[in-house]
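Survey of secondary and tertiary structure
Take a look at the letters that make up each chain.
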Amino acid sequence: MPHNRLMPMTHDRTRRSGAHPAVAEVSALIGDRGRAAMLCALLDGEKLSAGELARCAELAPNAASAHLAKLIAGGLLVVKASGRQRFYTLASVNVARAMEALAVISRPAKILALSQSYIAEDLRSARSCYDHLAGRLGVAVTESLVEKRMLVPDAGASYAVSAIGDEFFSSLGIDLNKSRR
C-alpha cells in the first residue's frame, strides 16, 4: 500500500500499530453543532463569556457549560477568570487553523434570514481569523504583496518578507523584528 503523500509515515510498523494522533477524539468534540459554533465564535481571537458563547451556539446556559467543560478537557479552549466573570479563548492558533481548514471543506450554512446573507457576504469578503486577515481581501492583499515582491513564497504555505518588503512594512511603522520574535 503506498504512503499517503500528505502525511508520510516514517515507519510501516508505526502505521500498523495504531500509534496515531487522537483525531477521532478531537473530531468528536468539534463534531457537535453547539461546540463547533462556540469554537467558530472564538476564531477572531476575542475572549467571550459562557453566556455569550451560549447565545452564539443557541444553547441553554447549563448545556453550554457542559460543552465548554468538554472543550477545555479536550485541550481546545482555555478559560481565564476576571473577577467573577470567566472568559474563554481558543487554546492555540492550531485550533483556529483546524477550524478554518474544516470550514473550507464544509457546506455553507443554510441562509434563513436576509441578515445572515449580509453576514455571510462580509465573511467571504474580509474577515480576520485568530491571527491573520482572511477572506477575499486577505487573498488579494497577499497576492498583491507577492506580485510587488514584498513577500516571497516560502516552504509550505508560508511567506518570507523580502528586503523591499522590509522597507515597506517599516514605512508603515511595523516592527518586523518584534513580529518575528
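Below you will find a few notes about this structure. Here the structure is a predicted model, which is why all the values come from computation and not from measurement.

**Considerations on the overall build of the protein**
Looking only at helices and strands, one finds 10 helices and 7 strands in the protein. Split into buried and exposed, the 181 residues of the protein put 22% on the buried side. Sequence separation of at least 24 residues holds for 39% of the intrachain contacts in the protein that already meet a minimum separation of 6. Surface exposure of the protein reaches about 13000 Å², of which carbon and sulfur atoms provide 58%.

**What to know about the pairing of strand β2 (residues 77-82)**
Inspection of the sheet shows β2 paired to strand β3 (residues 85-90) by 6 bridges, in the antiparallel sense. Paired with Lys80 across the strands is Phe87, a residue of β3. Taking the residues between adjacent antiparallel strands as the criterion, β2 and β3 are bridged by 2 residues, where Gly83 takes a positive phi near 70°.

**Re unusual backbone geometry**
Phi is positive for Glu58, close to 55°, though the residue is something other than glycine. Relative to the helices and strands, Glu58 is located in the loop between α4 (50-57) and α5 (61-73). Among the residues examined, Glu58 registers a relative accessible area of 66% and is labelled exposed. Residue Arg149 is not a glycine yet carries a positive backbone phi of 60°. Along the chain, Arg149 turns up in the loop between α8 (135-147) and β6 (151-153).

**Comments concerning the packing of helix α3 (residues 33-41) against α4**
Between two packed helices, both the angle of their axes relative to each other and the distance between the axes serve to describe the pair. In contact at an axis separation of 8 Å, α3 and α4 are set at 120° when each is read in the N-to-C sense. The pairing of α3 with α4 is recorded here as oblique in orientation. For the pair α3 and α4, the sense of crossing is right-handed. Facing Arg33, Gly34, Ala37, Met38 and Ala41 of α3, the residues of α4 in contact are Leu53, Cys56 and Ala57. Partitioned by chemical class, the residues of the contact of α3 with α4 number 6 nonpolar, 1 polar and 1 charged.

**Quick look at the nonpolar core**
Judged by nonpolar contacts, the single largest core of 21 residues is most densely connected at Leu39, Leu53, Leu77 and Leu90. Looking at this core, the elements with two or more residues in it are α2 (23-30), α3, α4, α5, β3 and α6 (93-105). The contact partners of Leu53, leaving out residues within four places of it in the chain, are Met38, Ala41, Leu42, Leu48, Leu68 and Tyr88. Counting residues in each nonpolar core, the second largest holds 5 residues, with Leu145, Leu151, Phe169 and Leu176 among its members.

**Details of the packing of aromatic side chains**
Here the structure, examined in full by the defined rule, presents 1 aromatic pair. Measuring from ring centre to ring centre gives 5.3 Å for Phe168 and Phe169, while their planes differ by 65°; the resulting arrangement is edge-to-face. Judged by its relative accessible area of 14%, Phe169 falls in the buried class.

**Regarding the packing of α4 against α5**
Contact geometry of α4 with α5 gives a least axis separation of 9 Å together with a crossing angle of 100°. Overall, the two elements α4 and α5 adopt an arrangement that is roughly perpendicular. Contacts between α4 and α5 involve Ala50, Leu53 and Ala54 from the former and Pro61, Ala64 and Leu68 from the latter.

Thresholds applied
Residues numbered from 1 in each chain as written. Predicted model: local features only at pLDDT ≥ 70, side-chain atom pairs only at ≥ 80, totals over all residues. Heavy atoms only, no water. Helix = DSSP H or I, 4+ residues; strand = E, 2+ residues; numbered from the N terminus. Buried < 20%, exposed > 50% of the residue type's maximum accessible area, 1.4 Å probe, protein only. Contact = heavy atoms within 4.5 Å. Areas by Shrake-Rupley, 256 points an atom, 1.4 Å probe, with all protein chains shown as cover. Pairing = 2+ DSSP bridges. Axes fitted to C-alpha atoms, helices over the stretch in contact; angles between N-to-C directions. Parallel < 35°, antiparallel > 145°, perpendicular 65-115°, else oblique. Left-handed = near helix turned anticlockwise from the far one by under 90°. Nonpolar A, V, L, I, M, F, W, Y, C, P; charged D, E, K, R; others polar. Core = buried A, V, L, I, M, F, W, Y, C linked by side-chain atoms within 4.5 Å. Phe/Tyr/Trp six-rings, centres within 6.5 Å; stacked < 30°, edge-to-face > 60°.

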